[in-house]
Amino acid sequence: MEFSVQTANPARIETACLVVPVYKDSDLLPAVAKLDDASEQLIGQLVRRGDVDASLANVQLLPYAPGLGAQRLLLVGLGEREKCQEAAYLKALDAAMAALVKLPIDDASVMLTDVPLVDRDTGWKARKVLESIERASYRFEQFKRTPAPAQSLAQLTLMISSAADADIAQQGARQGSAIGQGINYTRTLGNLPGNVCTPRYLAEQAEQLGRESQGALEVDILDEEALAELGAGALLSVGRGSREPSRLIVMRYNGAENADEAPHVLIGKGITFDTGGISLKAGEGMDEMKFDMGGAASVFGTVKALLTIKPKLNLVFIVAAAENMPDGAATKPGDIITTLKGLTVEVLNTDAEGRLVLCDALTYAERFKPASVVDIATLTGAAIIALGHHATGLLSNDDDLALDLLDAGDAAWDRAWHLPLWDEYQEQLDSNFADLANIGGRPAGTITAACFLSRFADRFPWAHLDIAGTAWHSGKQKGATGRPVGLLTQYLLDRENDVQVENGDD
């Protein structure tokens, strides 16, 4: 989506459609009042008479706009003014963008950056507008014989009242566009079927990103032979029952002004299909286990966004990719495996495989002497029971890192919730036969899964994001969400800002 920022009088701008925010109490924003005056109080009258419902996220098209440069007006309700904060604003924004992309137009202008929000500036609102229009434009129809007609909207103009905000709006829009495209890339990877999106396919995607980056992204793919030589027994154990070979995918981005600056590392769980292995899942809903590589997909989406934004950071992205299948060669309950770290694990349940691929990836990350490591995984159904589908579960061995991620989630409106990682939970992983077991029983399943991972993250600040409840939707809206690309990108942009502050550049 092409975009621009303008400060012209909205009553005079020539556009196929102008998106106009209205409150339920008919109190018009100053910029909207200019439209109202130029159109003989058309907007105000319609709202006051109830001909336009300004309830939250209600959208109504006016196919004509007398006295205005716009050919159409798309009025979007913000509800009651005093209740219009982030959640309400974003709900209205998404409704407006969803309606906008369905119109037979190739350009539109949006007046949503002037809506007042506490502690949210024009840059934040511009970012969310572009992120929303990118998400609304998303289609996944590559396997349909007759896809729906392509949308025609190609150009979006952000209308802002103050010329002083032009630069921050431009920066926010640029970030929002990049993040939106990263989210959509994540959604596509997640939505692909397991017979297409395999570990080797993910490796090919990494190599493609490397080629497109024009040298900014170094890519290294470790195949099963290399993993065996390395000693990554946990990762290899998961894919042993599959005909699809496992891969460890490593992408390095060196953008810091100081080449020796410690990198921040993101690690994604890439189980491209999860049957549960010998501990076979129930058949109902198993098709959704193609989404079990949501953590890996979010890492790829974050890479996609950052290659556009180009932060001045050193970054490492690791994806542990495997397919978990039942077979005569598959790992069995009761088997004992040796991890890359050297710890032995009694596999009590082969459906707790994500932690096995991640533990070797965490150990591999040590070689980069990281400033921080964040792993992202659709790890436990217990996270859905605890938090539903709204918040990502967050656990960490470093309180400062946890707070940074929580702040990033709030800023990106891709929120997480901090769960405890107390030593008392660790004993649930005790094994009679190995250094630890791969499950700790039903109580606190999300926490004990993170406890398992923490055994392999004792040499750096580390956090774990359990996205089992947020990575995809089920039912009629089934599909990948693209979360938590917004959170991850914001977290890394915040780290770039930290470096600039330390260097006196901000």
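Here the structure is a predicted model, which means the values were calculated and not measured. Numbers given to residues run from 1 along each chain, matching the order in which its sequence is written. At least 70 in pLDDT is required for a residue's local features to be given in this predicted model, at least 80 for side-chain atom pairs to be given and counted, and no such filter applies to totals for whole chains, interfaces and linings, which use all residues. Each side-chain value is worked out from all heavy atoms of the structure, with water and hydrogens disregarded.

Visitor: What am I meant to see in the overall build of the protein chain here?
Guide: Secondary structure summary: the protein chain contains 14 helices and 19 strands in total. Throughout, exposure labels follow a simple rule: accessible area from a 1.4 Å probe, protein chains only, divided by the maximum for the residue type, with under 20% read as buried, over 50% as exposed, and the rest as partly exposed. The burial tally for the protein chain puts 58% of its 506 residues in the buried class. For the protein chain, the share of sequence-separated contacts (at least 6 apart) that also reach a separation of at least 24 residues comes to 78%. Summed over its atoms, the accessible surface of the protein chain is roughly 20,900 Å², and 46% of this surface lies on carbon and sulfur atoms. Charge separation in the protein chain, taken as the distance between the mean sites of 45 positive and 70 negative side-chain charges, equals 6 Å. Secondary structure elements follow DSSP: runs of H or I no shorter than four residues count as helices, runs of E no shorter than two count as strands, and numbering proceeds from the N terminus. Any pair of residues with heavy atoms lying within 4.5 Å of one another is described as a contacting pair. Only the protein chains shown count as cover for residues, with accessible areas throughout obtained via the Shrake-Rupley method and a probe of 1.4 Å. By the counting rule applied here, Lys and Arg register as positive and Asp and Glu as negative, while His and the ends of each chain are not counted. For this purpose, a charge sits on NZ of Lys, CZ of Arg, CG of Asp or CD of Glu.

Visitor: I tried to follow the pairing of strand 2 (residues 18-22) on my own but got confused; where do I start?
Guide: If a strand is regular, its side chains alternate between the two faces of the sheet. Most of strand 2 sits inside the fold, with five of its five residues counted as buried. Residues Leu 18, Val 20 and Val 22 line one face of strand 2 and the alternating positions Val 19 and Pro 21 line the opposite face, and both faces are buried. Sheet analysis places strand 2 next to strand 4 (residues 73-77), joined by five bridges and oriented parallel. Among the inter-strand pairings, Leu 18 is bridged to a residue of strand 4, identified as Leu 73. Two strands pair when backbone bridges link them, and strand 2 and strand 5 (residues 107-110) are joined in this way by two bridges, in the parallel orientation. Two strands pair if DSSP finds at least two bridges between them.

Visitor: Just checking my understanding: could you explain the UniProt feature "active site" (unreviewed entry) in the protein chain for this structure?
Guide: As annotated by UniProt and renumbered to match this structure, "active site" (unreviewed entry) occupies Lys 281 and Arg 355. Inspection of the secondary structure puts Lys 281 in the loop between strand 9 (264-274) and helix 9 (294-309). Discounting chain neighbours no more than four positions away, the residues touching Lys 281 are Asp 274, Thr 275, Gly 276, Met 286, Met 289 and Asp 351. Considering the arrangement of structural elements, one finds Arg 355 in helix 10 (residues 354-365). Residue Arg 355 is classed as buried on the basis of its relative accessible area, which comes to 7%. Beyond its immediate sequence surroundings of up to four residues, Arg 355 is in contact with Leu 379, Thr 380, Asn 438, Ile 439, Ala 449, Phe 452 and Leu 453. UniProt positions are given in the numbering used here, feature names are shortened, and annotations may be inferred rather than shown by experiment.

Visitor: Even after reading the chapter, I still don't get the packing of aromatic side chains, so can you show me in this structure?
Guide: Between two aromatic rings, the relevant description is the distance of the centres plus the angle of the planes. Under the pairing criterion, centres of Phe, Tyr and Trp rings, with the six-membered ring standing for Trp, must be within 6.5 Å; the plane angle then separates stacked pairs below 30 degrees from edge-to-face pairs above 60, leaving the rest tilted. Taken as a whole and assessed by the stated rule, the structure comprises seven aromatic pairs. Each ring, one from Phe 140 and one from Phe 143, has its centre 6.0 Å from the other, and the planes form 50 degrees; the classification is tilted. Note on Tyr 185 and Phe 300: the rings are 6.5 Å apart at their centroids and 85 degrees apart in plane angle, and the pair reads as edge-to-face. With Tyr 185 in helix 5 (residues 166-191) and Phe 300 in helix 9, the pair connects residues that are 115 residues apart, well separated along the chain.

Visitor: Help me out: how do you make sense of the sheet that holds strand 3 (residues 59-62) in this one?
Guide: In space, the six strands of this open sheet follow the order 1-6-5-2-4-3, with mixed pairing throughout. Every other strand in the sheet has two partners, leaving strand 1 (2-6) and strand 3 as the edge strands with one partner each. The mean angle between the axes of side-by-side strands here comes to 25 degrees, regardless of whether they run parallel or antiparallel. The sheet contact formed by strand 5 and strand 6 (residues 155-159) spans four bridges and is parallel. The residue bridging Ala 108 from the neighbouring strand is Leu 156, located in strand 6. The convention used is that axes are lines fitted to C-alpha atoms, helices contributing only their stretch in contact, and that angles between N-to-C directions extend from 0 to 180 degrees. Across the sheet, helix 2 (residues 42-49) is in contact with strand 2, strand 3 and strand 4; its angle to strand 2 comes to roughly 45 degrees.

Visitor: Which parts of the structure should I look at to understand the UniProt feature "binding site: Mn(2+) 1" (unreviewed entry) in the protein chain?
Guide: Residues annotated by UniProt as "binding site: Mn(2+) 1" (unreviewed entry) correspond here to Asp 274, Asp 351 and Glu 353. Maximum C-alpha separation among the annotated residues is 8.6 Å over a sequence range of 80 residues, consistent with a single clustered spot. Relative to the elements of secondary structure, Asp 274 occurs in strand 9. Residues in contact with Asp 274, not counting those within four places in the same chain, are Lys 281, Met 286, Met 289, Asp 292, Asn 324, Asp 351 and Glu 353. Topologically, Asp 351 is positioned in the loop between strand 12 (344-346) and helix 10. Residue class for Asp 351 comes out partly exposed when judged on its relative accessible area of 25%. Dropping the residues within four chain positions of it, Asp 351 is found in contact with Asp 274, Gly 276, Ser 279, Lys 281 and Asn 324.

Visitor: What exactly am I supposed to notice about the packing of helix 6 (residues 199-212) against helix 9 here?
Guide: Helix packing for two helices is described by the angle between their axes and how far apart those axes are. Contact geometry for helix 6 and helix 9: axes closest at 11 Å, N-to-C directions at 5 degrees. Taken as axis vectors, helix 6 and helix 9 run roughly parallel relative to one another. Residues Leu 202, Gln 205, Ala 206, Leu 209 and Glu 212 of helix 6 pack against Ala 296, Phe 300, Val 303, Lys 304 and Leu 307 of helix 9. Three residue categories are used. Nonpolar comprises Ala, Val, Leu, Ile, Met, Phe, Trp, Tyr, Cys and Pro, charged comprises Asp, Glu, Lys and Arg, and polar comprises the others, including Gly. Each residue belonging to the contact of helix 6 with helix 9 can be placed in one class, and the counts come to seven nonpolar, one polar and two charged. Between 65 and 115 degrees an angle is taken as roughly perpendicular, under 35 as roughly parallel, over 145 as roughly antiparallel, and anywhere else as oblique.

Visitor: Would you take a moment to explain the packing of helix 1 (residues 30-38) against helix 2 for this structure?
Guide: Put simply, helix 1 and helix 2 touch, their axes get as near as 6 Å, and they point 100 degrees apart. With respect to helix 2, the element helix 1 is oriented roughly perpendicular. Across from Val 32, Leu 35 and Asp 36 in helix 1, the residues of helix 2 making contact are Leu 42, Ile 43 and Gly 44. Here the residues of the contact of helix 1 with helix 2 sort into four nonpolar, one polar and one charged.

Visitor: Would you take a moment to explain the pairing of strand 6 for this structure?
Guide: By the criterion of burial, strand 6 is predominantly enclosed, with four of the five residues buried. In this structure, strand 1 lies alongside strand 6, joined through five bridges in parallel fashion. Bridging across to strand 6, Phe 3 finds its partner in Leu 156. The handedness rule is simple: strands pointing away from the viewer, and a clockwise path from the first strand over the helix to the second, make the crossover right-handed. Regarding the hand of the β-α-β motif, the stretch spanning strand 5, helix 4 (residues 122-136) and strand 6 is right-handed.

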